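Below are the chains, spelled out letter by letter.
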Amino acid sequence: MQRLWKEPDEIKTFTEEEENISKERVQRMGKKGIIFDLDGVICHTDKYHYQAWKKLADKLGVYFDEVINNRLRGVSRMESLNIILEKCDRELTIQEKEACAEEKNEIYKELLKNMTTEDLSREVRETLEQLREKGLKLAIGSSSKNAGFILERIGLGDFFDTVSDGNNITFSKPDPEVFLKAAQFLNLQPEQCLVVEDAEAGLLAAKRGNMDCAGIGEGAESHLTTYKLCDFQELLSVIEK
Ligand code: BG6
Ligand code: MG
């Protein structure tokens, strides 16, 4: 299958002067939409992913820790399982893998029931409302197939203009499909959208989709970010630049 995106090192690099001119143009043009990753950006489900994978790994007798868990951020459920199974001394059949992924998801979904509107911080909620007041279209771009359920739990079930998630994609981040679909659902060109991400896989997906990205949390440390956010509300000043 032909890929639709370019690797970051295939994208034309600009001189410092050209870079400033093009940044200035983008800033003057302004963004029309923002696509948010969900886990690690809008709310935090890492601990539940960890607990569910740990339970499964223990059952399989496979070593699993927080460092390995960190590698799972942004990638799909099955790819996460494949990373965990790197420490397994035998090859699992496809059927066994599917059963494992299903089992982990059942444990994870039970844990997600602990989430409430308290898991949405006031800072995130108020910033989202202010971005909307500025006329921006707001979307979710998440690899998770549980995005809808999580959004319901934290009280954002009807908030976003569109949700592009693990249910409408064939390829997971770092492929840009989830973000390109979100832009398409918003009726915007990729360049008109800003992606907000915490994971390396998601930042790379944004770059491959020709979108600027704001990195938050560990994502702010990455060289792939266009804007580094100290906190979520800093998005308001990024959008005004
Ligand atoms: C992403 C998480 O949002 O969703 C990943 O960062 C996770 O860690 C992926 O593997 C898939 O989630 P789910 O809910 O479909 O198992
Ligand atoms: Mg994330």
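Structure report, in brief. (Residues numbered from 1 in each chain as written. Chains lettered and ligands numbered in written order. Predicted model: local features only at pLDDT ≥ 70, side-chain atom pairs only at ≥ 80, totals over all residues. Heavy atoms only, no water.)

A closer look at the nonpolar core
Proteins that are soluble and globular tend to have nonpolar side chains buried together.
Turning to step 1, where the next piece is worked out: Counting residues in hydrophobic clusters, the biggest one holds 38 residues, and the most contacted among them are F36, I42 and F160.
Turning to step 2, where the next piece is worked out: Put simply, the parts of the chain that give this core at least two residues each are β1 (33-36), α2 (46-60), α5 (94-112), α6 (122-133), β2 (137-141), α7 (147-153), β4 (193-197) and α10 (235-240). (Core = buried A, V, L, I, M, F, W, Y, C linked by side-chain atoms within 4.5 Å. Buried < 20%, exposed > 50% of the residue type's maximum accessible area, 1.4 Å probe, protein only. Helix = DSSP H or I, 4+ residues; strand = E, 2+ residues; numbered from the N terminus.)

Examining the coordination of the magnesium ion (ligand 2)
Turning to step 1, where the next piece is worked out: Surrounding the magnesium ion (ligand 2) are the protein donor atoms D37 (OD), D39 (O) and D198 (OD), at 2.0 to 2.1 Å.
Turning to step 2, where the next piece is worked out: Here the donor residues of the magnesium ion (ligand 2) share one chain and are spaced in sequence as D-x1-D-x158-D. Highlighted residues: D39 in the loop between β1 and α2 and D198 in the loop between β4 and α9 (200-208), separated in sequence by 159 residues. Each of the two residues, D39 as well as D198, counts as buried. (Donors = N, O, S within 2.8 Å, 3.2 Å for Na, K, Ca; no water.)

Some details on the environment of C88
Turning to step 1, where the next piece is worked out: With respect to the element layout, C88 can be found in the loop between α4 (77-84) and α5.
Turning to step 2, where the next piece is worked out: Distance in space between the C-alpha atoms of C88 and G61 is 7.9 Å, their sequence separation being 27 residues.

Some thoughts on the pattern of salt bridges
Turning to step 1, where the next piece is worked out: Following the criterion strictly, the structure yields 15 salt bridges and no others.
Turning to step 2, where the next piece is worked out: D58 is the salt-bridge partner of K54, the closest N and O atoms lying 3.1 Å from each other. Taken together, the positions of K54 and D58, both in helix α2 and four residues apart, correspond to about one turn of that helix.
Turning to step 3, where the next piece is worked out: Its relative accessible area of 26% is what places K54 among the partly exposed residues.
Turning to step 4, where the next piece is worked out: The residue R132 makes a salt bridge to D161 at a minimum N-O spacing of 3.2 Å. Taken together, the residues span a long stretch of sequence, with R132 in helix α6 and D161 in the loop between α7 and β3 (162-164) at a distance of 29 residues.
Turning to step 5, where the next piece is worked out: Note on R132: relative accessible area 30%, which makes it partly exposed. (Salt bridge = Lys/Arg side-chain N within 4 Å of Asp/Glu carboxyl O.)

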